[in-house]
Amino acid sequence: MYRKHLILLLITFIFLFTSAFSNPKFKVGFSQCTTADKWRQTQLRLMQIELAFYPDIELTIKDAKDNNVTQIGQIEEFIAEGINLLIVSPNESEPLTPVIEKVFKAGIPVILIDRLINSEFYTAYIGGNNYQIGEEAGKYAVSLLKGKGRIVEITGLDGSSPAIERQKGFKEVLRDYPQIEIVKSFSGDWNYYKARIVMQEVVASGLEFDLVFAHNDVMAKEAHAVVDASGKKEWKFYLGVDGLPGVDGGIQFVLNKDLDATFLYPTGSEQAIKIADAILNRETFERKNILPTLVIDSTNAKILKVQTDQVESLQQKIEAQTSVLDLQISRFQSQRLILIFVAVLLLLIVILVFVIYSAFQNKITANKKLEAKNHEIEKQNLEIIEQRDKLVEVGQQLEEATQAKLRFFTNVSHEFRTPLTLIKGPLENMMQAKEFSSNQQNQFRLMHRNTIRLLRLVNQLMDFRKLDNNKMGLAATENDLLSFIKEIEESFASLANSRNIELKTVCPEPNLKVWFDVDKLDKVFFNILSNAFKFTSDGGQITILISKVKPAISGIHSEEVQIEIKDSGSGIAAKHLDKIFDRFYQAAKSHAYIGTGLGLNLSKEFIEMHRGRISVKSKEGVGTSFHINLPLGKDHLLADEILVEANEPEISLHNQILTMELANAENLVTEKTASVRPVILVVEDIADVREFIRTSLGNQYLILEATNGREGLAKVLEEEPDLIISDVMMPEMDGLELTRQLKSDLKTCHIPVILLTAKAALEHKLEGLEEGADSYIPKPFNSRHLQVRVKKLLELRMKIREHYRGMPDAQDEETGINRLDKKFLNKLTLIIEENLNKEDISVDELGQKIGISRVHLYRKIKKLTDMSVSEFVIMVKLKKSLELLRNSGKTIAEIAYEVGFSSPSYYTRCFREQFKMSPTEYMQNKKGEQ
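Since this is a predicted model, take the numbers as computed values, not measurements.

### So, the overall build of the protein
Then step 1. A tally of helices and strands in the protein yields 30 helices and 24 strands.
Then step 2. Residues counted as buried form 44% of the 930 residues belonging to the protein.
Then step 3. Relative to all contacts within the protein whose residues are 6 or more apart in sequence, the contacts with residues 24 or more apart total 70%.
Then step 4. Accessible surface, the protein as shown: approximately 49700 Å² in total, 54% of it carbon and sulfur.

### Structural notes on unusual backbone geometry
Then step 1. Positive phi, close to 60°, is recorded for Asp66, a residue that is not glycine.
Then step 2. Mapped onto the elements of the fold, Asp66 is located in the loop between strand E2 (57-63) and helix H3 (68-81).
Then step 3. You can call Asp66 partly exposed: its relative accessible area is 33%.
Then step 4. Not every positive phi belongs to a glycine, and Glu720 is a case in point at roughly 55°.
Then step 5. Mapped onto the elements of the fold, Glu720 is located in the loop between helix H20 (709-719) and strand E22 (723-727).
Then step 6. Residue Glu720 is classed as buried on the basis of its relative accessible area of 4%.

### A few points about the pattern of salt bridges
One side chain can pair with another of opposite charge once the charged atoms of both are near each other.
Then step 1. A full pass over the atoms with the stated rule returns 26 salt bridges.
Then step 2. The partner of Arg150 in a salt bridge is Glu181, with the nearest N and O atoms 3.9 Å apart. Remark: Glu181 occurs in strand E7 (residues 180-187) and Arg150 occurs in strand E6 (residues 149-155); sequence separation between them is 31 residues.
Then step 3. By relative accessible area, Glu181 is classed as partly exposed at 42%.
Then step 4. Here the salt bridges do not stand alone but share partners, grouping Lys62, Glu77 and Glu81 into one network.

### Digging into the pairing of strand E9 (residues 237-242)
Then step 1. Counting buried positions along E9 gives six out of six residues, so the element sits mostly inside the fold.
Then step 2. Residues Phe237, Leu239 and Val241 line one face of E9 and the alternating positions Tyr238, Gly240 and Asp242 line the opposite face, and both faces are buried.
Then step 3. Where E9 and strand E10 (residues 261-264) come together, four bridges link them in parallel fashion. Of the residues in E10, the one forming a bridge with Asp242 is Leu264.
Then step 4. Regarding the hand of the β-α-β motif, the stretch spanning E9, helix H9 (residues 250-255) and E10 is right-handed.

### A look at the side chain of Ser625
Then step 1. Of note, Ser625 is situated in strand E19 (residues 623-631).
Then step 2. Taking the relative accessible area as the measure of exposure, Ser625 reaches 9% and is therefore buried.
Then step 3. Within polar-contact distance, the side chain of Ser625 engages the side chain of Glu564 at 2.7 Å.
Then step 4. The residues touching Ser625, leaving out its near neighbours within four places in the chain, are Glu564, Ile565, Lys566, Ser615, Val616 and Lys617.

### Quick look at the packing of aromatic side chains
Then step 1. This structure, assessed with the given rule, holds eight aromatic pairs.
Then step 2. Look at Tyr140 and Phe263: their rings are 6.0 Å apart centre to centre, the planes differ by 85°, and that puts the pair in the edge-to-face class. Separated by 123 residues along the polypeptide, Tyr140 in helix H5 (residues 130-145) and Phe263 in strand E10 bring together distant segments of the chain.
Then step 3. The exposure class assigned to Tyr140 is buried, which follows from its relative accessible area of 19%.
Then step 4. An angle of 40° between the planes, with centres 5.3 Å apart, marks the rings of Phe492 and Phe526 as tilted. Here Phe492 is found in the loop between helix H13 (481-491) and helix H14 (493-498), whereas its partner Phe526 is found in helix H15 (residues 518-535), with 34 residues between them in sequence. With respect to burial, Phe492 and Phe526 carry one shared label: buried.
Then step 5. Linked through ring pairs, Phe484, Phe516 and Phe525 together constitute an aromatic cluster.
Then step 6. Taking NZ or CZ as reference, Arg166 lies 4.5 Å from the ring centre of Tyr265, over its face.
Then step 7. When the ring centre of Phe209 is taken as origin, the NZ or CZ atom of Lys236, which lies over that ring, is 4.5 Å away.

### Details of helix H7 (residues 192-204)
Then step 1. The terminal C-alpha atoms of H7 lie 18 Å apart, and with 13 residues this matches the ideal 18 Å at 1.5 Å per residue to within 8%.
Then step 2. Among the residues of H7, those classed as buried are Ala195, Val198, Met199, Val202 and Val203. Take H7 and look down its axis: the buried residues cluster within an arc of 145°, on one side only. More than 90 degrees from the buried face of H7, the exposed residues found are Tyr193, Glu201 and Ala204.
Then step 3. Against the buried residues of H7 lie E6, E7, strand E8 (211-214) and helix H8 (217-229).
Then step 4. A distance of 3.3 Å separates the backbone nitrogen of Tyr193 from a side-chain oxygen at the start of H7, and that oxygen is part of Asn191.
Then step 5. Among the residues trailing H7, Gly206 stands out with phi positive, at a value near 80°.

### Points about the environment of Gly473
Then step 1. Summarising the element assignment, Gly473 is placed in the loop between helix H12 (438-468) and strand E13 (477-480).
Then step 2. Residue classification places Gly473 among the partly exposed positions, given a relative accessible area of 44%.
Then step 3. Along the chain, Gly473 and Glu641 lie 168 residues apart, while their C-alpha atoms are 7.1 Å from each other.
Then step 4. In contact with Gly473, not counting residues within four places along its chain, are Asp517, Lys520 and Met609.

### Quick word on the sheet that holds E7
Then step 1. Across the sheet, which stays open at both edges, the six strands sit in the order E7-E6-E8-E9-E10-E12 with mixed pairing between neighbours. With one partner strand each, in any of the chains shown, E7 and strand E12 (295-297) form the two edges of the open sheet. Strand-to-strand twist in this sheet, taken as the mean axis angle between neighbours without regard to direction, amounts to 20°.
Then step 2. Of the strands in this sheet, E6, E7, E8 and E9 touch helix H6 (residues 161-174), which is tilted by about 170° from E6.
Then step 3. In the packing of H7 onto the sheet, contacts are made with E6, E7 and E8, and the angle to E7 comes to roughly 135°.

### Some points on the environment of Phe237
Then step 1. Assignment of secondary structure puts Phe237 in strand E9.
Then step 2. When the C-alpha atoms of Phe237 and Ile151 are compared, they prove to be 9.3 Å apart, with 86 residues separating the residues in sequence.
Then step 3. Those residues within four positions of Phe237 in sequence are excluded, and the remaining contacts are Leu144, Leu145, Asp210, Leu211, Val212 and Asp260.

### Some details on the nonpolar core
Then step 1. Leu481, Phe484, Phe525, Ile546, Val561, Ile563 and Ile628 are the most contacted members of the largest nonpolar core, which totals 49 residues.
Then step 2. In contact with Leu481, not counting residues within four places along its chain, are Leu512, Val514, Phe516, Ile546, Val561 and Ile563.

### As for the side chain of Asp297
Then step 1. Residue placement: Asp297 occurs in strand E12.
Then step 2. There is a polar contact of 2.4 Å between the side chain of Asp297 and the side chain of Thr299.
Then step 3. Among residues more than four places away in sequence, those in contact with Asp297 are Tyr140, Val254, Asp260 and Ala261.

### Notes on the sheet that holds E2
Then step 1. In spatial order, the strands read E2-E1-E3-E4-E5-E11; together these six strands make up an open sheet with parallel pairing. For this open sheet the edge positions go to E2 and strand E11 (288-291), each flanked by a neighbour on one side alone. Mean inter-strand twist for the sheet, computed between neighbouring axes without regard to direction, equals 15°.
Then step 2. Bridge count for strand E1 (residues 26-32) against E2 is seven bridges, and the pairing is parallel. For Lys27, the partnering residue across the bridge sits in E2 and is Glu58.

Definitions and cut-offs
- Residues numbered from 1 in each chain as written.
- Predicted model: local features only at pLDDT ≥ 70, side-chain atom pairs only at ≥ 80, totals over all residues.
- Heavy atoms only, no water.
- Helix = DSSP H or I, 4+ residues; strand = E, 2+ residues; numbered from the N terminus.
- Buried < 20%, exposed > 50% of the residue type's maximum accessible area, 1.4 Å probe, protein only.
- Contact = heavy atoms within 4.5 Å.
- Areas by Shrake-Rupley, 256 points an atom, 1.4 Å probe, with all protein chains shown as cover.
- Salt bridge = Lys/Arg side-chain N within 4 Å of Asp/Glu carboxyl O.
- Pairing = 2+ DSSP bridges.
- Right-handed = clockwise from strand over helix to strand, strands pointing away.
- Polar contact = N/O pair within 3.5 Å; in protein donor to acceptor, adjacent residues only side chain to side chain.
- Phe/Tyr/Trp six-rings, centres within 6.5 Å; stacked < 30°, edge-to-face > 60°.
- Lys NZ or Arg CZ within 6 Å of the ring centre and 35° of its normal.
- Expected span 1.5 Å × (residues − 1).
- Arc of directions from axis to C-beta.
- Axes fitted to C-alpha atoms, helices over the stretch in contact; angles between N-to-C directions.
- Core = buried A, V, L, I, M, F, W, Y, C linked by side-chain atoms within 4.5 Å.

The values are spatial; any link to function lies outside them.
Have a look at this one:
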């Protein structure tokens, strides 16, 4: 308890002590280009006076002495000191711009005084309108010279924004007075010494001039002095800029007739401090603060002199009062500190006495509690030991259960090999036999390819289990790595050619002897290359680069070989890269690429068994690069890891079967013919399933293929198939989205869609039907079932077409036509009926009115009714005439003209071709029925 009292006392003492000498809240740095001239000195003095009203601001001033490098260094120092705000008057605009931008981008507010930079990266600007000052000087010069004369201009420092702007404004005014000429313009660097030197050169050269315009008062006064010293008595005019008060200020120069006029250039000191306070306290402020100017000449100099002297007197009084106030504050703080110290000391004594007494009492109580705690801790320790023993026992039981599951898993996987071998062997015999048809051979190859895939998965699982039990050994032999990789490359050649992928191996060495386990590296390279082909689009690149490199860590082995396998595929997201080699981990790509998650993990284990390294670099949309480093020589291998008799490297036949069959499967696309067979589009991302569907449907249909929904949608718009068979789960666009887009588009809504999916639940079937699918078949499906559904859907389309060529009195209720198609036909019929008076309404006009192109209108009418657009128009007119024949009492000729036919004979001929009877026979039949 007494410790708490002591801590509380210490905190109170520190708070009171620090509050007695609290520092200002804000640190502000002011980088001044120079303090040598009168204007800058006045600026600093006014700024320090204004600071008296802002005790929260601590201002540090640094003088750059007209040196850019010095000023840049000072600003860097301010950043390191942790200032809250920077006030800067740049010596020159361009050299200072980068460092000021750096301060601004670091989140530190920047106030520019007097001069701008070549950028908008600052918080606020305060200064006179230098361009306006130049204009005012130009106008005054024109007035003095009465529109004719010669001028010498003394500018400020080259590159400083005030000098540039003042010169621009001055010249802009003189442009309208061609008889006024600037005969000489030179830089005086803002100081009288440089102005004296260059003015002496002008006088010595004998240059004639009538007026001198200097960019500040001291340069203008010095120019006047040089001319007077030369002995020339010609009257000349002298103009300056600043208009400062005081003995050495421009106002006094005008009174002394050293200058004819000066132009007020305010310092902006008070505004700078006010805006700094507003920025630091998050108050509103103006970003650009342009200070007004004033012409000071003999007409107003005396009045301004009196005013400035009064202001100067007041400022001196304020400074004196400020000094007295600072002294009083200092005394008050000292007295307050002594008082606080005495109060704290007394409080400390009281607390110390209380603490000593409390400590004695607490010691007795603590000893009793300590004994009770010890007993409780001993009891808890016993309970923890019992719980630990139970956890160890449960852990052992879990480990035993896990091992039992893994043994069962391994045994089942091992048992798969026997039936797979019995399936694979007879299949290979049947594939070699000649009595089977080409179609049967294709099915055999499909079965054989998937048997090999299943066998490879089983082998992968067995390898995983061996690694888990540390029973996987290394059998390294010395082989030519380049030849080994070339053979693996050849097994992928067919696949690369079929997909127009550039596959190449680059190695500067003619041969490269490396000690490695052929079987394990075969699995590593096959796995990485398989992934590269999966994720590389057609027309891409896969490159294998082999080179000798120095080890990243010296001393382990002298040299190693690096194999880089890079592709131009879709790449791997950065968030997946550090987990890509984890067991069972799969980057969330697409349904098409889901695997076991063991391939890369096994590859990493196999490489590390060789004392090598494997790493991956990838960028989405650019590609992936795997780096494999293997040590050269055999010193890194154990004796039992080396085979004495080296066998010739033998690439797995399974690799060749898988890649060659995959290439063949990718190339099996039925060519379009001019046959009248119905066109069926199969949209499925797995090539084997597409091949099975194509084989199941036989030769009675023309089959088109697409590997995903996006590609399928493009094929539909291009080819207009009679029916679509689509998988549901596909990359890029799934089957449900494809169906939704097809059934909501007027151009394609009439095409029947059959969805195939492994999701056989009722809710999934309903989801597909709700999107507009005409049929939903779960996987695995019976080929006969698929054939029947295709046949029935196509027959239904034929019935709809026959309806439009049926008997004249057939009912208008169509069965099997969807709502959007019915709405389309009704709208088209209405448009035709509204234009019966037009003998020949064009297809383009109909397409424009209904909202689709001429080509799509023709295709849709043909698919729905088996008629051309012209035939459909005639059919609508004929059906309209039926009602008139029955009820109007008009002649056939009148009816023919009313429904838009050019002549009664043409109407009669069309009527007979459509309904197999003449209009007269139709009217007689109707009368006979009555």
